[in-house]
Amino acid sequence: LKSAGNTRIVNSLLVGNCAFFEGKAFTDNVDHCRALGNTLEASFTTGSSYELINSTLYGQGDVLVSMDIREGHTCDGSETFVALNNIFIGNTDYHQPFEKTALHYAQGCAGLVFNADYGVIHNVKGTCAVGSNDICADPIVGGQGNSFMVPQSGSPAIDSGLSVGGLIPSIDLLKETRPKGTGVDRGAYEVSATKRSN
């Protein structure tokens, strides 16, 4: 996913599974992992802000969240990136199979901070936690790498996120009400007992 300027991504499932197309009869012999296969390319314009809230990201590219400055713009120091209540899952880097996907990377915009907290972060290279409430553990999701990455029973994402209000929405990706249990779940889905068993 690529976006530029002020951006708000909420209740979203972003799957950077670019190598899926390699060797398939229905595709041409092209670069299947453009932009290094990064899951989210956040291209800042001067003074812009990004919000990544209650979303689930999976990727096998170089970086899960890549931040840079859009061509023709400059950074003035007011650019911000806020990430709350997310699940981040890396994999082996498709282009460099000797290492894992990185959680985040910023270039071209000095002082830009990946201001993240209340995430569940798994299988990434380098330092895992960004915020003091991040959890570095397997989020235990069903169907990793496809469109049904719902936390399963025992997931550290369940009931451990920031409460509804402010940036945190009262519904999830499937329009289910938050919370379903004792607290808000991290990631795109608010898990009920029914969804956990599916």
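Refer to the preceding data block for the structure.
The rules we used
- Residues numbered from 1 in each chain as written.
- Predicted model: local features only at pLDDT ≥ 70, side-chain atom pairs only at ≥ 80, totals over all residues.
- Heavy atoms only, no water.
- Helix = DSSP H or I, 4+ residues; strand = E, 2+ residues; numbered from the N terminus.
- Rg over C-alpha atoms; globule rule 2.2 N^0.38 Å.
- Contact = heavy atoms within 4.5 Å.
- Areas by Shrake-Rupley, 256 points an atom, 1.4 Å probe, with all protein chains shown as cover.
- Patch = residues over 30% accessible without salt bridge, like charges linked within 9 Å, V, L, I, M, F, W, Y side chains within 5 Å.
- Salt bridge = Lys/Arg side-chain N within 4 Å of Asp/Glu carboxyl O.
- Pairing = 2+ DSSP bridges.
- Axes fitted to C-alpha atoms, helices over the stretch in contact; angles between N-to-C directions.
- Phe/Tyr/Trp six-rings, centres within 6.5 Å; stacked < 30°, edge-to-face > 60°.
- Buried < 20%, exposed > 50% of the residue type's maximum accessible area, 1.4 Å probe, protein only.
- Core = buried A, V, L, I, M, F, W, Y, C linked by side-chain atoms within 4.5 Å.

Caption draft 1: Here's a closer look at the overall build of the protein. Tallying secondary structure elements over the protein gives 1 helix and 13 strands in all. What you see in the protein, going N to C, is helices and strands ordered as β-β-β-β-β-β-β-β-β-β-β-β-β-α. Over its C-alpha trace the protein gives a radius of gyration of 17 Å, about what one expects of a compact globule, namely 16 Å for 198 residues. With the C-alpha coordinates of the protein rotated into their principal frame, the extents come out at 45 × 45 × 30 Å. The contacts in the protein between residues at least 6 apart in sequence include a share of 67% that link residues at least 24 apart. When the accessible surface of the protein is totalled, it reaches about 9200 Å², and 50% of it is carbon and sulfur.

Caption draft 2: Region of interest: a nonpolar patch on the surface. Together, Phe20, Phe21 and Phe26 make up a nonpolar patch on the protein surface, roughly 330 Å² of accessible area in all. Along the chain, Phe26 falls in the loop between β3 (13-16) and β4 (40-44).

Caption draft 3: Representation of the sheet that holds strand β8 (residues 80-84) within the structure. One open sheet holds the 4 strands; their spatial order is β2-β5-β8-β11, and the pairing between them is parallel. The sheet is open, and its two borders are formed by β2 (7-10) and β11 (114-117), each paired with just one other strand. Taken pair by pair, the neighbouring strands of this sheet meet at an average axis angle of 5°, ignoring direction.

Caption draft 4: Spatial organisation of the sheet that holds strand β1 (residues 2-4). Spatially, 4 strands are ordered β1-β4-β7-β10 in an open sheet, and the strand pairing comes out parallel. Both outer strands of the open sheet, β1 and β10 (102-106), are each paired with one neighbouring strand and no more. For this sheet, the mean angle separating the axes of adjacent strands, direction not counted, is 10°. Of the pairings in the sheet, the one linking strand β7 (residues 63-69) to β10 comprises 4 bridges and is parallel in character. Note that in β10 the partner of Val63 across the bridge is Ala102.

Caption draft 5: Representation of the packing of aromatic side chains within the structure. Summed over all chains, the structure comprises 4 aromatic pairs. Note on Phe44 and Tyr50: the rings are 4.8 Å apart at their centroids and 50° apart in plane angle, and the pair reads as tilted. Taking relative accessible area as the criterion, Tyr50 reaches 1% and is therefore assigned buried. Note on Phe88 and Phe114: the rings are 6.2 Å apart at their centroids and 65° apart in plane angle, and the pair reads as edge-to-face. Residue Phe88 is located in strand β9 (residues 87-89), and its partner Phe114 is located in strand β11; the two are separated by 26 residues in the primary sequence. Take Phe88: its relative accessible area is 2%, and that puts it in the buried class. In textbook terms, an aromatic cluster arises when at least three aromatic residues are bridged by ring pairs, as seen for Phe44, Tyr50, Phe81, Phe88 and Phe114.

Caption draft 6: Spatial organisation of the nonpolar core. Counting residues in each nonpolar core, the largest one holds 22 residues, and the members touching the most others are Leu40, Leu52, Val65, Met67, Phe81, Phe88 and Phe114. Those elements that place two or more of their residues in this core are β4, β5 (49-53), β7, β8 and β11. Those residues within four positions of Met67 in sequence are excluded, and the remaining contacts are Ala42, Phe44, Phe81, Tyr105, Ala106, Gln107, Leu112 and Phe114. Counting 7 residues, the second largest nonpolar core, distinct from the first, contains Ile87, Ile89, Val120 and Met149.

Caption draft 7: Layout of the pattern of salt bridges. In the structure shown here, the tally under the stated rule is 4 salt bridges. The salt bridge partner of Lys180 is Glu176, with a shortest N-O separation of 3.0 Å. Judged by relative accessible area, which is 30%, Glu176 ranks as partly exposed. One salt bridge in this structure joins Arg178 and Glu190, with 3.5 Å as the shortest N-O distance. Of this pair, Arg178 sits in the loop between β13 (135-136) and α1 (193-197) while Glu190 sits in the loop between β13 and α1; the two residues are 12 residues apart in sequence, bridging distant segments of the chain.

None of the figures reported here should be taken as evidence of function without further support.
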